[in-house]
Amino acid sequence: MTQSLLLQSTAPRIVDEDGSFRTRMLEIAAGLDNVIALGRGDPDFHTPAHVVEAAKAALDDNQHHYTGPTGLPQLRQAICDNLRAEYGLDYTADEIIVTAGVQESIMLCMLGLVQAGDEVLITSPRFTTYDTAVHLCGGIPVPVPTYQKDDFALDVAEIEKRITPKTRMFVMVSPNNPTGAVTPPDVIRQIADLAVRHDILVIADEIYAKLIYPPHEHLSLATLPGMKERTITLNGFSKTYAMTGWRVGYMAAPADFVEKLTEPRHTLSINTCTISQFAALAALTGPQDEMEATFRAYAERRAYLMSALSEAGLSYGAPGGAFYIYTNISATGMKAKPFCENLLRETGVMVFPGDMFGEPDSDFIRISYLQPLPVIEEAMARIKGFIASHAGAAA
Ligand SMILES: Cc1ncc(COP(=O)(O)O)c(C=O)c1O
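About the cut-offs
- Residues numbered from 1 in each chain as written.
- Predicted model: local features only at pLDDT ≥ 70, side-chain atom pairs only at ≥ 80, totals over all residues.
- Heavy atoms only, no water.
- Helix = DSSP H or I, 4+ residues; strand = E, 2+ residues; numbered from the N terminus.
- Axes fitted to C-alpha atoms, helices over the stretch in contact; angles between N-to-C directions.
- Parallel < 35°, antiparallel > 145°, perpendicular 65-115°, else oblique.
- Left-handed = near helix turned anticlockwise from the far one by under 90°.
- Contact = heavy atoms within 4.5 Å.
- Nonpolar A, V, L, I, M, F, W, Y, C, P; charged D, E, K, R; others polar.
- 1 Å grid on protein atoms, 1.4 Å probe; cavity = no way out; pocket = protein on both sides within 12 Å on 5 of 7 lines; lining within 4 Å.
- Points joined across faces, edges and corners; volume = space filled by probe spheres on them.
- Buried < 20%, exposed > 50% of the residue type's maximum accessible area, 1.4 Å probe, protein only.
- Expected span 1.5 Å × (residues − 1).
- Near = heavy atom within 4 Å.
- Polar contact = N/O pair within 3.5 Å; in protein donor to acceptor, adjacent residues only side chain to side chain.
- Areas by Shrake-Rupley, 256 points an atom, 1.4 Å probe, with all protein chains shown as cover.
- Sits in = over half its atoms within 2 Å of the grid points.
- Phe/Tyr/Trp six-rings, centres within 6.5 Å; stacked < 30°, edge-to-face > 60°.
- Lys NZ or Arg CZ within 6 Å of the ring centre and 35° of its normal.

## Some remarks on unusual backbone geometry
Both trends apply: most residues other than glycine have a negative phi, and most peptide bonds are in trans.
Right, so step 1: A cis geometry characterises the amide bond from Ser 124 onward to Pro 125, with omega recorded as 0 degrees.
Right, so step 2: Relative to the assigned elements, Pro 125 resides in the loop between strand S3 (119–124) and helix H6 (129–136).
Right, so step 3: Residue Asn 177 is joined to Pro 178 through a cis peptide bond whose omega torsion reads 20 degrees.
Right, so step 4: Turning to its location among the elements, Pro 178 is positioned in the loop between strand S5 (167–173) and helix H8 (185–198).
Right, so step 5: Even without glycine at this site, Asp 151 takes up a positive phi of about 55 degrees.
Right, so step 6: Mapped onto the elements of the fold, Asp 151 is located in the loop between strand S4 (140–145) and helix H7 (156–160).

## What to know about the packing of helix H12 (residues 336–347) against helix H13 (residues 373–390)
A pair of packed helices can be characterised by two numbers: the angle between their axes and the separation between those axes.
Right, so step 1: H13 packs onto H12 with a crossing angle of 110 degrees between their chain directions and a minimal axis gap of 10 Å. In terms of orientation, H12 and H13 fall into the roughly perpendicular class. In terms of crossing hand, the pair formed by H12 and H13 is right-handed. Taken together, the residues of H13 that come into contact with H12 (itself represented by Phe 339, Asn 342, Leu 343, Glu 346 and Thr 347) are Arg 382, Ile 383, Phe 386, Ile 387, Ser 389 and His 390.
Right, so step 2: Taken together, the residues of the contact of H12 with H13 break down into five nonpolar, four polar and two charged.

## Looking at empty space enclosed by the protein
Over the atoms, a rolled probe matching the size of one water molecule traces out where space is still vacant.
Right, so step 1: Using the criterion set out here, one finds one cavity of 30 Å³ or more in the structure.
Right, so step 2: Lining the largest cavity are 15 residues, with Asn 82, Lys 210, Gly 236, Thr 240 and Tyr 241 sitting closest to its centre.
Right, so step 3: Every element with two or more residues in the lining of the largest cavity is listed here: helix H4 (73–87) and strand S7 (231–236).
Right, so step 4: If you tally residues by element for the lining of the largest cavity, the top one is H4, at three residues.

## Section: the environment of Ile 200
Right, so step 1: With respect to the helices and strands, the residue Ile 200 is situated in the loop between H8 and strand S6 (201–205).
Right, so step 2: Given a relative accessible area of 3%, Ile 200 falls into the buried group.
Right, so step 3: Taking the C-alpha atoms as reference, Ile 200 lies 26 Å from Ile 79; in sequence the two are 121 residues apart.
Right, so step 4: The residues touching Ile 200, leaving out its near neighbours within four places in the chain, are Ile 163, Thr 167, Arg 168, Met 169, Phe 170, Ala 195 and Arg 230.

## Some remarks on H8
Right, so step 1: With 14 residues, H8 should cover 20 Å at 1.5 Å per step; its first-to-last C-alpha distance of 20 Å lies within 8% of that length.
Right, so step 2: Buried residues of H8: Pro 185, Val 187, Ile 188, Ile 191, Ala 192, Leu 194 and Ala 195, and no others.
Right, so step 3: Residues of H8 that are buried in the fold lie against H7, S5 and S6.
Right, so step 4: In the segment just after H8, Asp 199 is the residue with positive phi, at about 55 degrees.

## A few points about the site of the ligand
Right, so step 1: Around the ligand sit Gly 101, Val 102, Gln 103, Phe 127, Val 173, Asn 177, Asp 205, Ile 207, Tyr 208, Ser 238, Lys 239 and Arg 247, and that is every residue in its neighbourhood.
Right, so step 2: Between Asp 205 and the ligand, the recorded distance is 2.7 Å, taken from a side-chain N or O atom to a nitrogen atom.
Right, so step 3: Against a free-state accessible area of 400 Å², the protein chains account for coverage of 93% of the ligand.
Right, so step 4: Comparing atom positions with the cavity grids shows the ligand to sit within the largest pocket.

## Quick look at the packing of aromatic side chains
Right, so step 1: Here the structure, examined in full by the defined rule, presents 13 aromatic pairs.
Right, so step 2: On the numbers, 5.1 Å between centres and 75 degrees between planes, the contact of Phe 323 with Tyr 324 is edge-to-face.
Right, so step 3: Tyr 324 sits in the buried class, given a relative accessible area of 0%.
Right, so step 4: Following the ring pairs from residue to residue traces out a cluster consisting of Phe 45, Tyr 208, Tyr 298, Phe 323 and Tyr 324.
Right, so step 5: Arg 22 extends its terminal NZ or CZ atom over the ring of Phe 352, reaching a point 6.0 Å from the ring centre.

Next up, the structure:
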């Protein structure tokens, strides 16, 4: 088939990234009526009622207009207060840009810092938006692998051996998606030391930092000596407050850099939806008890799944945070893509293959525990039945 003129004219910065498997899974799911979705990272809880009320009040109060490109001043201040109280981070309001989810912050960071040929190290397996954003800026994503034997925790030696004269920055996602791995504080300190020694910049994506299961601990990289000047801290509302659809996230970085990025940020989308910014403000400043209950529910689901998977003969990297379990299915004799596709077709349970998180990774699936516990129990029963019915078939 001949290509359209526009396709022929596509700029080389648009590289082919294969989303066909995800599309196929969603199409299959659309044709089924018994689907248990444990695929996407979208909480099953709804946004707390007082947050929704704040958005309605903003509408009634005629907050229908643009805000400044970096966000509502009172939201930027509330973000600083929250970062200080939760993580000991020292930012002022002029060091915050509110964006359409962390997603837009990721693109803005890369636009601001990556030049053609720059190498960007990324914790892997990974949230592949980073690859796309780096490619769009002419850079080269360089995966830093983590391993099941370490519960997918980062190893500084793995970062260091990939540093070259072209290394521009390191992207640290802790807790990580898809593994739930939390980088321990002592390793974070080593990463800080490494970044200073090799003069590299760091993006600390802390979108899951509120979702940490004891005894795991979070340490924000930008709290360490010498790190604030070379770090961009990313965080947002999607995961913590079940606000994926509202599209609010932010980046925190030194004020002069924020000022420099203000025009590019204006160019991307002028400002984050005004109503959503009022909702985010209510999320930060209002009662937190509903969120605490949500975290307890995630902890309960995690504990159940860890023992149920072990009982089913499947191993995994024990997740220290987030709401994912990166599960090794090699014991079934099946590869991840056919495992996921057949599991969906035969049982209605949707999980995603490791191959969707960077490199081909046919031994792993990501299970998101974003359904009520009884539904997860039903999903596990179906998964066990599926494995039993295929036992020996793939050997
Ligand atoms: C590691 C990580 N960063 C950023 C995002 C983007 O989140 P949002 O744009 O909804 O804030 C996600 C979403 O899954 C994620 O997993």
